[in-house]
Amino acid sequence: MSERSVSSDLVTQNQPRKVKKFYHKANKNKNRQISKRETFNEQPVLIDDEKGKEGESKEEIKARRAKVPKEKDTFPQHIPETEIDKLLRNENSNETQYIEGQLRVNRWNREYAYLSFSDDQCDLLIIGLRDRNRAFDGDFVVARINQPEKWKMHQGYNQKTGVVVYIREKIHPRRTIGYFKENGKLFYPRDRRVPLVKISKKSLQQFGVCQNYKDILYLVVITDWRKPKFAVGQIEKIIGSIGDIKAESNAILLEYDLDVTPYSLDVTKELPSSDYSLTENDIKDREDWKDECIFTIDPDTAVDLDDSVSCKPLENGNYEIGVHISDVTHYVEFLSPLDIQVSKRATTIYMADNIYHMLPKELCQVCSLSPGQDKLAFSVIWEMTQDARVVNYRFAKTVIRSCCQMSYQHVQKMIENPEYNWPDNSINIDGNYKLNDLSIKVNILHNLAIQMRKRRFQNGALRIDQPKLCVKVDRITGLPISYNIEEQQDSNRLIEEFMLLANMTVATHLYNVIPETALLRNHREPSKRILSTTQEMLQKFGIHLDIKSSTSLHASMKRCEEALETEDDERRIIMKYRMMVVNNLCSRAMTRATYICSSTVKAEEELRHYALNISVYTHFTSPIRRYSDCVVHRLLYSTLRNIDMPKEWTESLCKSIAANCNIKKYNAKMAQERSNELYFTYLIDLKGPIVTMGIVFSVHESLITIILCQFGIKLRVSFTHLENLALVEYSSECSIPTINISWKQPAITQVINVFTLLHLRVEKHPESFQLIGTLLPPTQGIEI
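Residues numbered from 1 in each chain as written. Predicted model: local features only at pLDDT ≥ 70, side-chain atom pairs only at ≥ 80, totals over all residues. Heavy atoms only, no water.

Draft legend 1. Looking closely at the confidence of the model for the protein chain. Averaged over all residues, the pLDDT of the protein chain equals 87, while 89% of them reach at least 70. In this model, residues 1-53 is a region of pLDDT below 50 whose contacts with residues beyond four sequence positions or in other chains number 122 contacts. (pLDDT = per-residue confidence, 0-100. Contact = heavy atoms within 4.5 Å.)

Draft legend 2. Just the packing of aromatic side chains, in detail. Scanning all chains against the criterion turns up 15 aromatic pairs. Look at tyrosine 179 and tyrosine 188: their rings are 6.2 Å apart centre to centre, the planes differ by 15°, and that puts the pair in the stacked class. For tyrosine 188, a relative accessible area of 13% puts it in the buried group. Ring geometry for phenylalanine 378 versus phenylalanine 620: centroids 5.7 Å apart, planes at 70°, classification edge-to-face. Taken together, the residues phenylalanine 378 in strand S21 (residues 374-384) and phenylalanine 620 in the loop between strand S27 (594-597) and helix H17 (627-640) connect sequence positions 242 residues apart. Here phenylalanine 378 falls in the buried class, since its relative accessible area comes to 0%. Ring pairing ties together the aromatic residues Phe75, Phe136 and Trp225, which thus form one cluster. Looking at arginine 456, its charged tip hangs above the ring of phenylalanine 457, at a distance of 5.0 Å from the centre. Taking the ring centre of phenylalanine 697 as reference, the NZ or CZ of lysine 714 above it sits at 5.5 Å. (Phe/Tyr/Trp six-rings, centres within 6.5 Å; stacked < 30°, edge-to-face > 60°. Buried < 20%, exposed > 50% of the residue type's maximum accessible area, 1.4 Å probe, protein only. Helix = DSSP H or I, 4+ residues; strand = E, 2+ residues; numbered from the N terminus. Lys NZ or Arg CZ within 6 Å of the ring centre and 35° of its normal.)

Draft legend 3. View of the packing of helix H12 (residues 435-458) against helix H13 (residues 490-513). In the contact formed by H12 and H13, the axes pass within 9 Å of each other and the chain directions differ by 65°. With respect to their mutual orientation, H12 and H13 come out roughly perpendicular. For H12 against H13, the interelement crossing comes out left-handed. Seen from H12, the contacting residues are Val442, Leu445, His446, Leu448, Ala449, Met452, Arg453 and Arg456; seen from H13, they are Asp490, Arg493, Leu494, Glu496, Glu497, Phe498, Leu500, Leu501 and Met504. Classifying every residue of the contact of H12 with H13 by side-chain character gives 10 nonpolar, 1 polar and 6 charged. (Axes fitted to C-alpha atoms, helices over the stretch in contact; angles between N-to-C directions. Parallel < 35°, antiparallel > 145°, perpendicular 65-115°, else oblique. Left-handed = near helix turned anticlockwise from the far one by under 90°. Nonpolar A, V, L, I, M, F, W, Y, C, P; charged D, E, K, R; others polar.)

Draft legend 4. The arrangement of a positive patch on the surface in detail. Together, Arg107, Arg192, Arg588 and Lys714 make up a region of like positive charge exposed at the surface. With respect to the element layout, arginine 588 can be found in helix H16 (residues 569-589). Overall, arginine 588 belongs to the partly exposed group, its relative accessible area being 33%. (Patch = residues over 30% accessible without salt bridge, like charges linked within 9 Å, V, L, I, M, F, W, Y side chains within 5 Å. Areas by Shrake-Rupley, 256 points an atom, 1.4 Å probe, with all protein chains shown as cover. Salt bridge = Lys/Arg side-chain N within 4 Å of Asp/Glu carboxyl O. Lys, Arg positive; Asp, Glu negative; His and termini not counted. Charge placed at Lys NZ, Arg CZ, Asp CG, Glu CD.)

Draft legend 5. Representation of the pattern of salt bridges in the model. On inspection of all chains with the given rule, the structure shows 37 salt bridges. A salt bridge links aspartate 339 to arginine 634; the shortest N-O distance between them is 3.1 Å. Taken together, the residues aspartate 339 in helix H9 (residues 337-345) and arginine 634 in helix H17 connect sequence positions 295 residues apart. Like arginine 634, aspartate 339 is buried. In this structure, arginine 456 and glutamate 497 form a salt bridge, with 2.7 Å as the shortest nitrogen-oxygen distance. Within this pair, whereas arginine 456 is found in helix H12, its partner glutamate 497 is found in helix H13, the two being separated by 41 residues in sequence. As far as the burial class goes, arginine 456 and glutamate 497 line up, both buried.

Draft legend 6. View of the packing of helix H15 (residues 550-562) against H16. Here H15 crosses H16 at 165°, and the two axes come no closer than 11 Å. When the axis of H15 is compared with that of H16, the two are roughly antiparallel. Once H15 is placed against H16, the crossing between them reads as left-handed. Across from Leu553, Met557, Cys560 and Glu561 in H15, the residues of H16 making contact are Met579, Asn583 and Cys586. Considering only residue class, the contact of H15 with H16 consists of 5 nonpolar, 1 polar and 1 charged.

Right under this line is the structure:
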């Protein structure tokens with residue numbers, strides 16, 4: 001699930017007109033409007049005796065006034081922690097004056113930031129850098145709500161505004177990527193949520209900025225923020241030239257504060273080598289599963305094989321199903337120097353051009369469940385009926401030997417043609433098994449997975465699919481060569497169901513046995529306000545969503561998808577694109593799933609996972625690439641041995657690990673998306689501009705946001721290029737934002753609102769690695 005979207009990118013004026021006409025100058029007008037809005041929350045500058053004191057000369061009045069700092073040039077004082085805690089404790093729920101939460105800064109304009117209210121009312125709006133009061137995106141802050149006369153009308157709401165008065169926790173790393181201009185005097189971050197930065201003279205000289213700064217990317221650390229206009233900082237390193245693909249890729253990693261430096265010999269010297277053979281001590285007290293038919297199912301490019309499955313019919317007609325997960329923590333001692341380093345990284349990072357493993361490479365190879373090799377595993381074993389009901393389950397430390405590394409493509413062929421007589425040499429198999437044996441087991445697992453999935457959604461689970469762009473990069477040249485949209489097939493869903501079942505089984509056990517310090521993964525309910533707004537808007541386009549629960553939402557979205565099957569081919573494709581918009585709109589209301597220490601919640605309900613519609617959930621199945629899973633392995637093992645975790649394992653440590661895993665997981669996800677878009681943009685630049693189709697996702701006065709239908713990428717398209725080509729009018733009649741474009745050639749009027757299909761020319765921005773879209777005049781018919 002994506003995180004809840006921030007409030008609208010554009011803040012409307014108090015009295016918007018129904019219709020606005022503008023040409024290519026619309027963007028300039030917009031900038032002028034924003035500059036006016038910057039003064040919204042500034043207080044009047046108070047100077048005693050503005051007319052001057054008796055006997056004062058004009059020069060003396062001017063000098064005295066100069067000594068009084070203007071309020072807009074200073075930050076409000078932060079309230080001390082002890083006082084802010086007292087204020088929060090004494091809050092009256094009917095007259096809330098302070099709210100606490102994670103600050104979200106508008107990604108397009110640093111002047112606007114938001115805090116969510118717990119009761120799902122419209123976000124608290126914080127206008128201007130001064131009222132952000134030195135807080136950065138992602139920081140946990142406390143804000144004071146302004147008096148009603150300072151609130152702003154926004155999308156029909158009288159939106160509350162406020163001022164940050166305390167920074168509870170600095171989450172943002174205070175490091176940023178950017179460049180210099182204007183003779184190298186001021187640093188401009190690429191991230192528009194970060195303030196401009198004034199660099200110390202010493203740092204400028206050290207890195208030779210005064211002599212050569214053009215077209216160079218720098219990493220800057222922000223050391224202070226004394227005035228709202230700009231922060232203060234120093235250069236940490238030169239990243240490389242703007243436009244150099246490797247430098248741009250490294251910049252993404254640095255921007256998201258992801259550590260990809262190789263592990264030092266100090267922490268890896270005790271690790272087993274990649275050709276390590278298990279010892280008697282390794283397999284002591286483990287169940288021997290080496291002769292069982294166990295296999296992995298992964299993408300064909302996978303190198304970290306941390307999960308495998310098995311399936312065996314029982315005499316009573318049931319099945320013994322096993323999920324066998326790499327036992328990483330056997331090799332990594334709790335709180336050892338290596339464990340501490342791994343915990344800081346917390347996740348493997350998948351960039352388009354490289355994979356940066358969470359574990360040292362040699363340990364990845366030792367732990368990976370490669371076929372034909374004896375490996376250590378932590379297994380969840382169920383007895384399951386033919387209608388996919390779990391009769392009982394158990395956990396076991398095991399030693400296994402996978403017989404085959406199958407790709408999703410292999411498994412998909414087995415599912416689509418279960419009677420096919422597979423040639424023995426089509427896939428490498430270790431041991432006394434044949435491909436037909438594996439095909440039988442795959443189809444048993446597939447049939448069970450179908451029933452499990454159907455039952456999950458009947459019980460209220462929700463899934464919102466969105467296209468995922470993947471770019472293939474040549475490992476030798478480092479350049480992109482192709483792209484594809486990742487699609488979910490039955491083979492993906494098969495393995496997904498059993499991994500979900502393993503995670504749910506482990507979570508239930510942990511919470512029952514150690515409810516105080518279990519590391520769980522929750523997913524809070526979506527914003528009812530955003531869902532309601534989405535529901536009302538879609539209703540106007542004939543799309544009916546039931547948002548009462550995850551069950552009803554999934555059912556109504558499913559009905560929309562099933563309606564596609566009744567359409568002809570052309571209509572079906574159009575409806576498929578419309579569903580992309582519906583899915584994206586619903587995703588905006590969703591919160592981000594997070595790791596949480598079980599004892600830190602006020603009510604058990606807060607542990608629920610909304611999308612899965614279950615009471616508790618965790619991550620157990622990917623310890624090679626997620627540190628959270630390593631923690632869960634240790635917790636589970638301690639409960640099976642009926643021993644306590646080491647004394648260092650406390651609620652505080654559990655909470656700290658959960659917080660870091662949340663940050664690193666989200667940052668790695670964003671870096672992966674940015675990396676694929678970077679290399680896709682580079683590929684477009686190599687091949688030249690393309691003409692493609694987009695579907696409108698949102699409409700604003702001077703721009704629209706579209707989804708590129710073939711790529712799943714969102715793009716903002718402005719109308720500044722329409723100079724001398726068309727007249728543009730914006731209206732919001734019947735609460736449906738609409739753009740009317742009166743083209744001169746051809747002389748037709750184009751009406752644009754949500755769901756409109758458009759032709760665009762898409763190309764790389766001439767000065768940055770960003771895609772830009774240019775709206776093309778409509779043709780007589782839209783080619784699909």
